[in-house]
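# Close look at the chain arrangement
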Amino acid sequence: MKREDVVYFGAGPAGLPTDVLTTAASALLNYQETGLGVAEHSHRSTLAADIVNTMKADLAEFLEIPPSHDVLIMQGGGSGQFDATVYNSVLVWVETQRQKIVRANPSINEEDLIKQLQQKVQSDLRLDYLVTGSWSLKANQEAVRLLGPTHVNVATDSRKLNDGKFGKIADESTWQLSDKPAMIYLCENETVDGVEWPSFPKTLESRASDDQTLVVGDFSSTILSRRIPFDQFSIVYFGAQKNLGLPGITVVVIKKSLLSILSQGKPDLARKIGLPVPPTILDYAVAAKNNSLYNTLSIFDVFVAGQVLKKLLATFPDKVRGQEALSGKKAALLYGVLDSYPEVYKVVPDESVRSRMNLCFRVTKGGNVDEAERAFIRGATERGLLGLKGHRSVGGIRVSNYNVVDEAGAQKLATYLKDFATSP
Ligand SMILES: O=C(O)C(=O)[C@H](O)COP(=O)(O)O
Ligand SMILES: N[C@@H](CCC(=O)O)C(=O)O
């Protein structure tokens with residue numbers, strides 16, 4: 001099959017624009033006539049620093065990241081961030097508590113400080129998770145693994161209001177947030193379950209403002225497709241492999257004020273009170289201090305992300321707003337067709353939380369779902385519509401409507417959805 005005959009709806013890694021890959025292929029062989037490819041140059045070279053700095057600046061411009069926040073490029077994927085967010089928020093919490101105790105009693109000795117901190121840990125240290133799908137659940141489970149269950153609170157679990165399955169978000173009035181959690185974690189778009197937060201939760205407004213509670217958002221699947229209220233978030237992170245670029249780099253947008261608290265943090269003290277300490281490569285302050293080059297970074301991955309951003313900036317004069325409108329239009333087209341044939345397609349999540357990025361549905365035509373879905377995938381493959389299988393944990397069909405899918409691609413799928421529904 002030829003590349004131009006394919007529209008790829010894979011959930012991640014996603015497709016990349018062909019012109020970006022052509023530029024990348026040439027840069028891999030010989031970057032700017034240096035006789036060396038971009039992946040062969042040292043990550044300590046000025047050339048590499050330029051690639052990193054330009055990518056960061058273009059990301060900040062496209063997403064309108066305010067000067068209060070810094071951009072870090074890290075490794076370890078979403079799973080690495082499940083850990084990093086826990087380690088770093090615990091260290092911020094310990095440092096904030098230490099400063100409070102010392103302010104109240106400047107001559108306190110270390111033994112008493114440790115005693116007071118230990119009491120605080122028992123009575124107050126809680127990390128809150130809003131569990132709305134498989135990815136926030138994984139993040140929550142990782143926090144329990146690192147800290148133990150007493151320090152981790154599930155403030156809401158969507159499965160409780162949907163017969164044990166994800167697909168809804170509970171009304172905010174039912175959430176059970178801790179009194180002063182060290183962190184509140186949400187996953188803005190659940191790739192596996194097709195659930196997206198319709199807007200930033202009212203209950204969390206201004207919670208991030210004083211750095212006492214860190215508000216963390218996983219934006220892996222919606223990044224560059226939607227405006228983000230950065231002022232409401234302490235940390236926003238996302239893997240590159242959906243809308244930004246190749247698998248291998250993970251971007252963290254973090255409040256600079258937290259970096260300052262983290263750099264004053266005392267790992268020795270955290271260890272003495274029985275709390276885990278961030279490994280160096282997951283420590284946000286270390287990444288920031290080294291301009292994301294503490295250890296070898298894939299500059300090629302950063303270069304590709306930079307090319308995607310250049311293309312987005314050239315395509316959308318109104319930046320992320322332009323892409324947001326287009327993403328909404330493509331999603332509306334596809335959901336419109338799915339909803340027109342209720343006897344053939346059943347969208348999985350509730351209408352109020354349908355994702356614009358990952359459209360999850362079952363094919364019920366003829367009554368035998370497995371058979372109907374196999375026929376659906378077969379017919380789609382014949383037309384070059386690929387990557388439509390749902391995540392292995394839930395099955396069904398999933399259309400990932402990432403930025404690389406243009407209007408013509410979405411239209412091609414819409415036509416197939418209609419043809420499949422109306423064929424005998
Ligand atoms: O959120 C998603 O969707 C993802 O695919 C995860 O962010 C992937 O996490 P890693 O496999 O990169 O750990
Ligand atoms: N990003 C993909 C793949 C994740 C995986 O299977 O590990 C997804 O959510 O479907």
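Here the structure is shown first, and the text comes after it.
Residues numbered from 1 in each chain as written. Chains lettered and ligands numbered in written order. Predicted model: local features only at pLDDT ≥ 70, side-chain atom pairs only at ≥ 80, totals over all residues. Heavy atoms only, no water.

### Points about the overall build of the chain
Secondary structure assignment for the chain yields 12 helices and 14 strands. Taken against the 2.2 N^0.38 rule, which gives 22 Å for 424 residues, the C-alpha radius of gyration of the chain at 23 Å falls within 12% of a compact globule. Considering only C-alpha atoms, the chain reaches an extent of 80 × 60 × 35 Å along its principal axes. For the chain, restricting intrachain contacts to residue pairs at least 6 apart in sequence, the fraction spanning at least 24 positions comes to 71%. (Helix = DSSP H or I, 4+ residues; strand = E, 2+ residues; numbered from the N terminus. Rg over C-alpha atoms; globule rule 2.2 N^0.38 Å. Contact = heavy atoms within 4.5 Å.)

### Structural notes on the packing of helix α10 (residues 320–340) against helix α12 (residues 407–422)
The contact between α10 and α12 brings their axes to 9 Å, and the two run at 5°. Judged on the interaxial angle alone, α12 and α10 are roughly parallel. Where α10 abuts α12, its residues L326, K329, K330, L333, L334, V337 and L338 lie against E407, A410, Q411, L413, A414, L417 and K418. Taken together, the residues that form the contact of α10 with α12 break down as nine nonpolar, one polar and four charged. (Axes fitted to C-alpha atoms, helices over the stretch in contact; angles between N-to-C directions. Parallel < 35°, antiparallel > 145°, perpendicular 65-115°, else oblique. Nonpolar A, V, L, I, M, F, W, Y, C, P; charged D, E, K, R; others polar.)

### A short note on empty space enclosed by the protein
With the rule as written, the count across this model stands at one cavity of 30 Å³ or more. Counted as a void, the largest cavity has a volume near 30 Å³. The greatest single-element share of the lining of the largest cavity, amounting to four residues, is contributed by helix α3 (residues 77–104). (1 Å grid on protein atoms, 1.4 Å probe; cavity = no way out; pocket = protein on both sides within 12 Å on 5 of 7 lines; lining within 4 Å. Points joined across faces, edges and corners; volume = space filled by probe spheres on them.)

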